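# Chain and residue survey
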Amino acid sequence: MSKNKLSFADKLLHWFDDHGRKDLPWQQDISPYRVWVSEIMLQQTQVKTVIPYFQRFMESFPTVTALANSEQDEVLKHWSGLGYYARARNMHAAAIMVRDEFNGEFPRDIENIQHLKGIGRSTGAAILSIASNLPEPILDGNVKRVLSRVFAVEGWAGKSAVLKELWTLAEQTTPKTRNADYTQAIMDLGATLCTRSKPRCDDCPMKSDCIAFADSRQAELPAKKPKKIIPEKKTIMLIVKDEAGDVFMQKRPPTGIWGGLWCFPQFETQHEAENWTQEFLGEWSEKVQRHDVLSHTFSHFKLHIQPLIIQLKAPIKMSVMEKTDKLWYNVNTEFNGGLAAPVSTLLNTLVRQ
DNA sequence: AAAGCGGGGCA
DNA sequence: TGCCCAGCTTT
């Protein structure tokens, strides 16, 4: 390791001592479990949004064993609105694995910790570094941005050659001592100063070392992901109300979009929706109401949702009542399961009046 | 309204 | 090794 690289860590740590954030909820009572939960949540969401989710999660699932002993519906309920629901499912599976295969303790080495679902090299390293002060380098989005700028790494990090170069730089810059502080410091620098747009270079401890700053290339580095045109799809969401005002909902398959979350029945056409209602639920008393289309963007397609509301009058056929993946939801009660954002939106705007 | 964000799973 | 998976914030 060159002298230059050592001073990188020293400068960063000095800055962190004076200016870094140390009062975030997951920086208190540090444990592998708390760091793990925060890291998974922070993968997809900003600090400000994560804080209330983290606190609710910790109140309900104070330990990894408590999480393992919970129902998936309960876990997804705490994740509703955060997105990337596969990560909540993975966390639940990983907690069960820690309970059953690791005696309730997180593995303390980078190889074994990656056997847990949802934990790769960077997240595993963050847990080991922050919770146990082990000298593992991390490479999350913040670190990628900082390293790309300081060392002028060319190319998009989605390319394996670029990613490899970034990992090498991460290994070379990560110190053996004060590793936990260093990991928090470099993430903090990326989150607060070395931001994607308008970085505050004048306040940055790496200013004198940063090639992007020297060359005024902060806006070009890191290289952006190539643009892709995403397809658009349409669906009808059918909101069926029974005589009591309860709403019919069904659980989605365990994997795929909104896996394990509760949703309204979906159809391609209004005709199909009406036929299905007739066949499985009975007669309806009012005309089918169409409501405004709600558009929802995923990473790989855009979904246009046409909500339909049907009010039933005849009694419900028993067959649908018996299934565990179908239910009638009393909208004035708390929902015990995961709900995708547009489903929550529809419940709030069209059902709970 | 459109762009940008991030990491792991899996074919 | 390249594509799939979300929903929120920022511009």
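Counting from 1, residues in each chain are numbered in the order their sequence is written. Chain letters start at A and ligand numbers start at 1, both assigned in the order the entries are written. The predicted nature of this model means local features are confined to residues of pLDDT at least 70 and side-chain atom pairs, given and counted, to a pLDDT of 80 or more, with totals for whole chains, interfaces and linings taken over all residues. Side-chain descriptors were evaluated using all non-hydrogen atoms of the structure, hydrogens and water having been removed beforehand.

Labelled according to an unreviewed UniProt entry, chain A appears under the name Adenine DNA glycosylase, originating from Cocleimonas flava. UniProt positions are given in the numbering used here, feature names are shortened, and annotations may be inferred rather than shown by experiment. Database annotation for chain A, UniProt heading Catalytic activity (unreviewed entry): "Hydrolyzes free adenine bases from 7,8-dihydro-8-oxoguanine:adenine mismatched double-stranded DNA, leaving an apurinic site."

This part covers the overall build of chain A. Helix and strand counts for chain A come out as 14 helices and eight strands. Each principal axis of the C-alpha distribution contributes one length, and for chain A these read about 80 × 45 × 35 Å. Summary of the burial criterion: residues with accessible area below 20% of their type's maximum are buried, those above 50% are exposed, and those between are partly exposed, where the area comes from a 1.4 Å probe applied to protein chains only. Within chain A, the fraction of its 353 residues that count as buried is 48%. Within chain A, contacts between residues separated by at least 24 positions form 66% of all contacts whose residues are at least 6 apart in sequence. Areas reported as accessible are Shrake-Rupley estimates using a 1.4 Å probe. Residue values count occlusion only from the protein chains shown. Element-wise, carbon and sulfur atoms account for 50% of the exposed surface of chain A, whose accessible area totals about 18,100 Å². Runs of H or I in DSSP of at least four residues are treated as helices and runs of E of at least two as strands, each being numbered from the N terminus. We call two residues in contact whenever any of their non-hydrogen atoms come within 4.5 Å of each other.

Attention now goes to the protein's contact with DNA strand C. Here a residue is considered near a molecule or strand provided that any single heavy atom belonging to it is located within 4 Å of it. The environment of DNA strand C is made up of 18 residues, and the closest members are Gly 81, Tyr 85, Ile 257, Trp 258 and His 300. Restricting the count to atoms of DNA strand C within 4 Å of the protein gives a sugar and phosphate share of 62%. Polar contact criterion, stated in full: a pair of N or O atoms within 3.5 Å, where within protein one must be able to donate a hydrogen and the other to accept it, and residues adjacent in sequence count only if both atoms are side-chain atoms. Contacts to DNA strand C include Ser 197, whose side-chain N or O atom sits 2.5 Å from a phosphate oxygen. Within the backbone of Thr 297, one N or O atom sits 3.0 Å away from a base nitrogen of DNA strand C. For the surface near DNA strand C, the class distribution of residues is seven nonpolar, 10 polar and one charged. For this classification, Asp, Glu, Lys and Arg are treated as charged, while Ala, Val, Leu, Ile, Met, Phe, Trp, Tyr, Cys and Pro are nonpolar and the rest, including Gly, are polar.

If you check the shell around DNA strand B, you find 15 residues, and the closest are Tyr 84, Arg 87, Gly 118, Asp 140 and Gly 141. Considering DNA strand B, the proportion of its atoms within 4 Å of the protein that are sugar or phosphate atoms stands at 73%. In the environment of DNA strand B, a phosphate oxygen lies 2.9 Å from a nitrogen or oxygen atom belonging to the side chain of Thr 123. Contact distances for DNA strand B include 3.4 Å between a sugar or linking oxygen and a side-chain N or O atom of Arg 196.

With that settled, the discussion passes to the pattern of salt bridges. Any Lys or Arg side-chain nitrogen found within 4 Å of a carboxyl oxygen on Asp or Glu counts as a salt bridge. Under the counting rule described, the total for this entry stands at 13 salt bridges. Between Arg 178 and Asp 17 there is a salt bridge; the shortest N-O distance is 2.8 Å. Residue Arg 178 is located in the loop between α10 (160-173) and α11 (179-192), and its partner Asp 17 is located in helix α1 (residues 3-19); the two are separated by 161 residues in the primary sequence. Residue classification places Arg 178 among the partly exposed positions, given a relative accessible area of 33%. The class of Asp 17 is partly exposed, set by a relative accessible area of 39%. A salt bridge links Arg 99 to Asp 100; the shortest N-O distance between them is 2.7 Å. A cluster of three or more residues bridged by salt bridges with shared partners is formed by Asp 17, Arg 178 and Asp 181.

The next thing to look at is the packing of helix α2 (residues 32-42) against helix α8 (residues 121-132). Note on geometry: axes are C-alpha line fits, over the in-contact stretch for helices, and angles between N-to-C directions span 0 to 180 degrees. Across the interface, α2 lies against α8 with an axial gap of 9 Å and an inter-helix angle of 140 degrees. On the basis of the axis angle, α2 is oblique to α8. For the element pair α2 and α8, the recorded crossing hand is right-handed. Two secondary-structure elements touch here, α2 through Pro 32, Val 35, Trp 36, Glu 39 and Ile 40 and α8 through Thr 123, Ala 126, Ile 127, Ile 130 and Ala 131. For the contact of α2 with α8, the residue count by class is eight nonpolar, one polar and one charged. For classification, angles of less than 35 degrees are called roughly parallel, those exceeding 145 degrees roughly antiparallel, those between 65 and 115 degrees roughly perpendicular, and all remaining angles oblique. A clockwise turn of the near helix away from the far one marks a right-handed crossing, whereas an anticlockwise turn of less than a right angle marks a left-handed crossing.

Geometry of aromatic contacts follows a simple scheme: Phe, Tyr and Trp rings, the Trp one being its six-membered ring, pair when their centres are within 6.5 Å, and the pair is stacked under 30 degrees between planes, edge-to-face over 60, tilted otherwise. Enumeration according to the criterion identifies 14 aromatic pairs in this entry. With a centroid separation of 4.8 Å and 25 degrees between ring planes, the pair formed by Phe 298 and Phe 301 is classed as stacked. What makes Phe 301 buried here is its relative accessible area of 11%. One aromatic cluster in this structure is built from Phe 248, Phe 267, Trp 276, Phe 280 and Trp 328. In this structure, Arg 87 packs its charged tip against the face of Tyr 84, placed 4.7 Å from the ring centre. In this arrangement the basic side chain of Arg 121 is found over the ring face of Trp 167, its NZ or CZ atom lying 3.8 Å from the centre. Either the NZ atom of lysine or the CZ atom of arginine qualifies as a charge over a ring when it sits within 6 Å of the ring centre and within 35 degrees of the ring normal.

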